[in-house]
Amino acid sequence: MRKIVSLFIVFFLYVSCNSNSENQQWQKGNLHTHSFWSDGNDFPEMIIQWYKNHDYQFIALSDHNTIAEDKRWYQLSKKDLENKVLEKYVDAFGSWVETKKDSLNLSVRLKTFDEYRSKLEEPDRFLIIRSEEVTSSFENKPIHINVTNIQEKIEPVKASSVVEVMQKTLDLVHAQRKRLGIPMFAHINHPNFGYGISTEDMKNLNGERFFEVYNGHPAVHNAGNEEYDSTEIMWDLINIHYLQQGKPLLYGIATDDSHHYHNFTADLSNTGRGWVMVKSKTLETGSLIDAMEKGDFYASTGITIKKYEVTKNQISIEVKPEHDVNYEILFLGYKNGGEVVETLKRVPDTKGTYNFEENDLFVRVKINSDAIKDSPPNTKETKQAWTQPILTSK
Ligand SMILES: [Zn+2]
Ligand SMILES: [Zn+2]
């Protein structure tokens, strides 16, 4: 009898461990997208449908300075007629589409956030999160900050420096979150767009947790130039500073910043270029935000991570390999007394482990590959992935 009981216990443990790991799924999402509510060139439902059809689990439409809640008629432009936006929309959504015509113009009512969410969200399958790209500037410098799960619109901020505009925006997000008791977070968009936001600007912020290490828009200079650092170098320098200041580390996000949905070329901003994979038990906004704030996610432009484990002593990582692709796993870290983040270990393989060393302060993983990205067509960019920096406790 005892044997049967212990067998039962072993079986029970096996089942519960197994179901635990099954629940711990990676949820794929894009947190930066534009529609006709601002300068995107398609209807929200058409865009959401694209992401649903391409294996994403969540999407946030982050239009400039709007949360899509008012009654708005959108007047079709000549370009929209060329793109056949209305025909495609009616084909897909039929009588759901509302149009009106005056003597000259044809207009279509844009469905509000509540409307498009109720039409397309599916429990446990596809989640739609409210967002706004709070779009401010200082002098000629663009300052764009996304607010994921925003509930009340935030107006663009006016202030006397780039840092002040950013800090005031962050403070408004924190105040709204506290007042409503609803999780939401800000992320800094494309710092090198117009080279508007510098490393020093971001170092000076308080309460900033996320920024775009990769943005798929062709005008954002992720790689920097001779004068300006790449977003990845900015990221490391900011984190060295945050660590020294006792601030939580900054996490890196990849997004599409998609605007164009009818033609796919390298000079347009299309879907499918950058996303986050969030380790979350459930497909709910609160648990996704919770996971992201713990750093339980990675940014990707095409690489899928099969296994990622962090213990007190080491990081182990394994890539889900694609046929005929070469991978390079880089363990990058900041050491006590150092000035920069350095390569601690390079593994030219699909799996690798790094054992933390005495002087390591934080470590992150970057995966490179020689696979050309799926979007845009004919790009030279290769697929990459970035995990979040881990504070080592050695
Ligand atoms: Zn922007
Ligand atoms: Zn944008």
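Residues numbered from 1 in each chain as written. Chains lettered and ligands numbered in written order. Predicted model: local features only at pLDDT ≥ 70, side-chain atom pairs only at ≥ 80, totals over all residues.

Enquirer: Please provide a residue-by-residue account of the overall build of the protein, values included.
Expert: Counting its regular elements, the protein contains nine helices and 20 strands. Rg of the C-alpha trace for the protein: 22 Å, near the compact-globule value of 21 Å for 394 residues, within the 12% margin. Overall, the protein is about 80 × 65 × 50 Å in size when its C-alpha atoms are taken along their principal axes. Residues classed as buried in the protein amount to 41% of the 394 residues present. In the protein, once contacts between residues fewer than 6 apart in sequence are set aside, the share between residues at least 24 apart is 65%. (Helix = DSSP H or I, 4+ residues; strand = E, 2+ residues; numbered from the N terminus. Rg over C-alpha atoms; globule rule 2.2 N^0.38 Å. Buried ≥ 20, exposed ≤ 12 C-beta atoms within 10 Å, placed from the backbone. Contact = placed C-beta atoms within 7 Å.)

Enquirer: I'd love a proper account of the nonpolar core, names of residues and values included.
Expert: Generally speaking, soluble globular proteins have nonpolar side chains that are buried together. Grouped together as the largest cluster of nonpolar side chains are 83 residues, with contacts concentrated most on Val-213, Ile-253, Val-276 and Ala-299. Excluding residues within four positions of it along the chain, Ile-253 makes contact with Leu-31, His-187, Phe-210, Phe-211, Glu-212, Val-213, Val-276 and Ala-299. (Core = buried A, V, L, I, M, F, W, Y, C linked by C-beta atoms within 7 Å.)

Enquirer: Which residues make up the domain arrangement of the protein, and what values do they have?
Expert: Taken domain by domain, the protein comprises domain 1 (25–69 + 112–300) and domain 2 (312–394). Its C-alpha centre places domain 1 at a distance of 23 Å from the equivalent point of domain 2. Counting from both sides, the interface comprises 20 residues of domain 1 and, opposite them, 18 residues of domain 2. Of all the elements in the fold, those that place two or more residues in the side of domain 1 that touches domain 2 are α8 (231–245), β10 (251–255) and β12 (297–300). A class-by-class count of the residues in the side of domain 1 that touches domain 2 yields ten nonpolar, eight polar and two charged. (Domains from an automatic or database assignment. Nonpolar A, V, L, I, M, F, W, Y, C, P; charged D, E, K, R; others polar.)

Enquirer: Report on the packing of helix α2 (residues 44–53) against helix α4 (residues 85–93), specifying residues and quantitative values.
Expert: Axis separation between α2 and α4 bottoms out at 10 Å; the angle between their running directions is 65 degrees. Comparing their axes, α4 and α2 come out roughly perpendicular. Read as a crossing pair, α2 and α4 show a hand that is left-handed. Together, Glu-45, Met-46 and Gln-49 of α2 and Lys-88, Tyr-89, Ala-92 and Phe-93 of α4 make up the contact between the two elements. Across the contact of α2 with α4, the residue classes tally to four nonpolar, one polar and two charged. (Axes fitted to C-alpha atoms, helices over the stretch in contact; angles between N-to-C directions. Parallel < 35°, antiparallel > 145°, perpendicular 65-115°, else oblique. Left-handed = near helix turned anticlockwise from the far one by under 90°.)

Enquirer: Break down the sheet that holds strand β17 (residues 351–355) for me, citing the residues and quoting the values.
Expert: Overall, antiparallel pairing links the three strands, which are arranged β13-β14-β17 in an open sheet. Each edge of the open sheet is held by one strand with a lone partner, namely β13 (305–310) and β17. Adjacent strand axes in the sheet meet at a mean angle of 5 degrees when their direction is disregarded. Here five bridges tie β13 to strand β14 (residues 314–319), and the two strands are oriented antiparallel to one another. Residue Tyr-308 lies in a different strand from β14, and its bridge partner there is Ile-317. (Pairing = 2+ DSSP bridges.)

Enquirer: Before we move on, could you go through the sheet that holds strand β5 (residues 106–110) and cite the residues and values that matter?
Expert: Taken in spatial order, the three strands of this open sheet run β3-β5-β4, and their pairing is antiparallel. A single partner strand is all that each edge strand has here, and the edge strands are β3 (72–75) and β4 (99–101). Adjacent strand axes in the sheet meet at a mean angle of 35 degrees when their direction is disregarded. Sheet analysis places β3 next to β5, joined by four bridges and oriented antiparallel.

Enquirer: Give me unusual backbone geometry: which residues, what numbers.
Expert: The omega torsion of the bond from Ser-375 to Pro-376 falls at 0 degrees, within 30 degrees of zero and hence cis. Phi is positive for Tyr-195, which is not a glycine, with a value near 40 degrees. The phi torsion at Asp-324 lies on the positive side, around 60 degrees, for a residue other than glycine. Structurally, Asp-324 is set in the loop between β14 and β15 (327–335). Assessed through the 7 C-beta atoms surrounding it within 10 Å, Asp-324 is described here as exposed.

Enquirer: Requested: an account of the packing of α2 against helix α5 (residues 113–120), with residues and values cited.
Expert: One way to put it is that α2 packs onto α5 with a least axis distance of 10 Å and a crossing angle of 35 degrees. Of the two possible hands of crossing, α2 and α5 adopt the one that is right-handed. Side by side, α2 and α5 meet where Pro-44, Glu-45, Ile-48, Gln-49 and Lys-52 of the first sit next to Tyr-116, Lys-119 and Leu-120 of the second. Partitioned by chemical class, the residues of the contact of α2 with α5 number four nonpolar, one polar and three charged.

Enquirer: Before we move on, can you summarise the pairing of strand β2 (residues 58–61) with the specific residues and values?
Expert: Each regular strand displays side chains that alternate between the two surfaces of the sheet. Across the two faces of β2 the burial is the same, with Phe-58 and Ala-60 and Ile-59 and Leu-61 all buried. Across two bridges, strand β1 (residues 25–30) lies against β2 in parallel orientation. The partner of Gly-29 across the bridge, within β2, is Phe-58. Pairing geometry for β2 and strand β6 (residues 127–138), over four bridges, is parallel. Counterpart to Leu-61 in the pairing with β6 is Arg-130.

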